[in-house]
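Inside the fold
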Amino acid sequence: MIGRALLWLVLTFGVATPLALVAAIALGEAAEGIPPVRFPWNGGAATDSLVLIATDPFYVGALLSSLEVAALTAAACVALAFPMALGIVRARPGPRIWLLAAVMLPFWTGFLPRMGAWIGLFRDSGWINGVLVEFGLPAQQMLYTDAAMLVGMVHAYLPFAVLPLFGVLLRLDPRLEEAAADLGAGPVARLVTVVLPQAAPGIAAAFLLVFIPAAGEYVIPELLGPPSATLVGRVVVQEFFQNRDWPVAAALSLGLLVVLLPPLWLYQRLGTQG
Amino acid sequence: MSLLQVEGLTVRFGGAAALDALDLEVPEGAFVALLGGSGSGKSTLLRTIAGFVAPAAGRILLGGVDLAPLPPERRPLHMMFQSYALFPHMSVADNVGYGLRRAGAATAERIRRVGAALEMVGLEAFARRRPAALSGGQQQRVALARALILRPRLLLLDEPLGALDAALRERTGAELRALQRATGSAFLMVTHDQAEALALADRVAVLEQGRVIQQGTPRELWDRPATRFVAGFLGAANIIEGVALADGGVDCPALPATLRPAVPHGKPPGSPVALALRAERIGFGDEGLPAVVTEATYRGGASLLTLRTSGGAVLRALWPEASGPAPEHAVTLSWEPSALVPLA
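This one's a predicted model, so the numbers in the text were calculated from it and none came from an experiment.

**Description of the overall build of chain A**
On a plain count of helices and strands, chain A comes out with 12 helices and 2 strands. Counted from the first residue to the last, chain A has its helices and strands arranged as α-β-β-α-α-α-α-α-α-α-α-α-α-α. Dimensions of chain A along its principal axes, counting C-alpha atoms only, are 75 × 60 × 30 Å. Long-range contacts, defined here as pairs at least 24 residues apart, represent 69% of the contacts in chain A between residues at least 6 apart. With an accessible surface of roughly 14,800 Å², chain A has 72% of that area assigned to carbon and sulfur atoms. Treating the 13 positive side-chain charges of chain A as one cloud and the 16 negative ones as another, the clouds have centres 14 Å apart.

The structure is reproduced here in structure tokens:
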């Protein structure tokens, strides 16, 4: 109940007002001045920006590749987080709290230094290449690749996937696995027929908790990704600061929101079911 | 040879022994009850036989085969869990058919046997429901069908009636007994309820602190409890303390009386002897031990009287009619020598 009330409070004051402003900008016209936009109520009403981002291959492509990167990130996070969460749940209560703390540890350290660390590892004269060269292997171009970007994304979002999986696996009745074993199920069969189906809501929650924020990620592609990775977050920043085309930037933000609504709705449904 | 032989089984949790060199046998096709209080190790014994707990010492043989190297999924026995442990994400039919699916049974065979198993427990109409949509008694029967469908030679049951209310418990107990007879599987049932154990089982083993302290038929346990604990656990027995006499009698100053049990107590003269005397074996007459009623409790068709003898002993006796003598009333007590059971 309190959770729901708090949610509405945040929705009203933290989401609805800024969203209305973004919508107003998206429906306006780019113009010289401060701010560089003519609002609809000042005679600048236009749907050009919305049409543009929905039809222009560049903007549609940015939305699609954002979804693709977010989906890859979320899938990789869930794949890594599931065995991690299972291991933490199966640890004895003493070590368990420390393992969980280790998962949370990145939240306590700065985000930019951690990205800086990845740059230090990946760059041409970085640590990984140092080791490769030491063993007589050719140095690799790693920084500013899709792979480096994905590694950074997975690193940043992994804890968001571990926590819901930890929650759902912790609530799993160990007697159910024993019953399955008693009826002849080996370790793999127990995982597939008992643990995974029961953890399904947690898996979906973990995926969406990563997928939704990852779709709008700006900093990690900027720091680790290739220039060709024109994801929505980067395009929004370009339009906003470099092209000073606020309506297109706002329309792209709205476009991202619209494509994220179905998964959000799905997440909401899973939440009410669980 | 017995179907199940447990020899010298010891299980330790931390330093404490949950099972202490325990010996137990379950004959082929028998219904054996393990009776004990909480912490007696009875559930640990079942979990060890099923393979969920590793013993520190001892052997478990099923049909002469040592189970030690086998993980739970390869042990040819099944267990019905106390909380039933039904899979909540599967239908009743899928729960019941789970073991057959794991064993790789053909679909047609599985459907047929699941149908037969559900019919056996009267749940044909519920095959497609989820366990959560069933009552406690129905869930219990699903768990039973799921465990019996693989026709185990031995079924372990952990407090199978424990989660049911009193009225349902009696009926379900009778059904359990009938199913056991019909399937021919040996049942090893854990319970803390002495009435349940005595009513259902062919043999009862009483556990105390991880050891079997007495086993026998329900009749043997009821009539000849070996220790104070067994006599007390089976309920409503008086325990009379006394001193052994050279002629085989027992001098009991608390009554006061000299008692002569039909079974010799075998103790040297002068040593303490405890005798069990069941409440319902005490008769009321004109000759015998005088006592005064201190309390009368209505017991549905009978009265449980608490009595004080002139020596100060407190005895409980069953007055066979609903309206018994009131407190302060004087009565005279007597019993057959065979009613007196010397305890170890």
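We are not done yet, so read on.
**What to know about the UniProt feature "transmembrane region" (unreviewed entry) in chain A**
Residue and element names in this part refer to chain A. Those places that UniProt annotates as "transmembrane region" (unreviewed entry) correspond, in this numbering, to residues 58-85, 97-121, 147-170, 191-215 and 246-267. Taken as a whole, residues 97-121 contains 92% helix and 0% strand, while its terminal C-alpha atoms sit 30 Å from one another. Taken end to end, residues 246-267 comprises 100% helix and 0% strand; its first and last C-alpha atoms sit 31 Å apart.

**With respect to the packing of aromatic side chains**
Residue and element names in this part refer to chain A. In the structure shown here, the tally under the stated rule is 13 aromatic pairs over all chains. Look at F58 and Y59: their rings are 5.2 Å apart centre to centre, the planes differ by 75 degrees, and that puts the pair in the edge-to-face class. Under the relative-accessibility criterion, Y59 is labelled buried at 10%. Relative to F122, the ring of W118 lies with its centre 5.4 Å away and its plane at 20 degrees, an arrangement referred to as stacked. Of this pair, W118 and F122 are both found in helix α5 (residues 111-122), 4 residues apart, which corresponds to roughly one turn of the helix.

**What about the packing of α5 of chain A against helix α6 (residues 127-134) of chain A?**
Residues and elements named next belong to chain A. It is at 4 Å that the axes of α5 and α6 come closest, and there the two elements cross at 25 degrees. Of the possible angle classes, the one that applies to α5 and α6 is roughly parallel. Residues G120, L121 and F122 of α5 pack against W127, I128 and N129 of α6.

**Concerning the pairing of strand β3 (residues 31-35) of chain B**
Residue and element names in this part refer to chain B. β3 sits mainly inside the fold: 5 of its 5 residues count as buried. Neither face of β3 is open: one carries F31, A33 and L35, the other V32 and L34, and all of them are buried. The pairing of β3 with strand β8 (residues 186-191) spans 5 bridges and is parallel. Each bridged residue has a counterpart across the sheet, and for F31 the counterpart in β8 is F187. Relative to strand β9 (residues 203-208), β3 runs parallel, the two sharing 4 bridges. What sits directly across from A33, in β9, is V204.

**A word on the domain arrangement of chain B**
By a frequent convention, interface size equals the accessible area lost on bringing the separate parts together. Per the domain assignment, the segments making up chain B are domain 1 (4-223) and domain 2 (236-343). The straight-line distance from the C-alpha centre of domain 1 of chain B to that of domain 2 of chain B is 39 Å.

**With respect to the UniProt feature "domain: ABC transporter" (unreviewed entry) in chain B**
Sites flagged by UniProt as "domain: ABC transporter" (unreviewed entry) map to residues 4-234 of chain B. For residues 4-234 of chain B, the helix share is 36%, the strand share is 26%, and the end-to-end C-alpha distance is 25 Å.

**A word on the pattern of salt bridges**
Taken as a whole, this structure holds 19 salt bridges over all chains when the rule is applied. For the salt bridge of R190 of chain A with E73 of chain B, the shortest nitrogen-to-oxygen distance reads 3.3 Å. Taken together, the residues R190 of chain A in helix α9 (residues 187-215) and E73 of chain B in the loop between β5 (65-66) and β6 (78-80) connect one chain to another. Residue classification places R190 of chain A among the buried positions, given a relative accessible area of 16%. For E73 of chain B, a relative accessible area of 18% gives the class buried.

The rules behind each value
- Residues numbered from 1 in each chain as written.
- Chains lettered and ligands numbered in written order.
- Predicted model: local features only at pLDDT ≥ 70, side-chain atom pairs only at ≥ 80, totals over all residues.
- Heavy atoms only, no water.
- Helix = DSSP H or I, 4+ residues; strand = E, 2+ residues; numbered from the N terminus.
- Contact = heavy atoms within 4.5 Å.
- Areas by Shrake-Rupley, 256 points an atom, 1.4 Å probe, with all protein chains shown as cover.
- Lys, Arg positive; Asp, Glu negative; His and termini not counted.
- Charge placed at Lys NZ, Arg CZ, Asp CG, Glu CD.
- UniProt positions renumbered as here; feature names shortened; annotations may be inferred.
- Phe/Tyr/Trp six-rings, centres within 6.5 Å; stacked < 30°, edge-to-face > 60°.
- Buried < 20%, exposed > 50% of the residue type's maximum accessible area, 1.4 Å probe, protein only.
- Axes fitted to C-alpha atoms, helices over the stretch in contact; angles between N-to-C directions.
- Parallel < 35°, antiparallel > 145°, perpendicular 65-115°, else oblique.
- Pairing = 2+ DSSP bridges.
- Domains from an automatic or database assignment.
- Salt bridge = Lys/Arg side-chain N within 4 Å of Asp/Glu carboxyl O.

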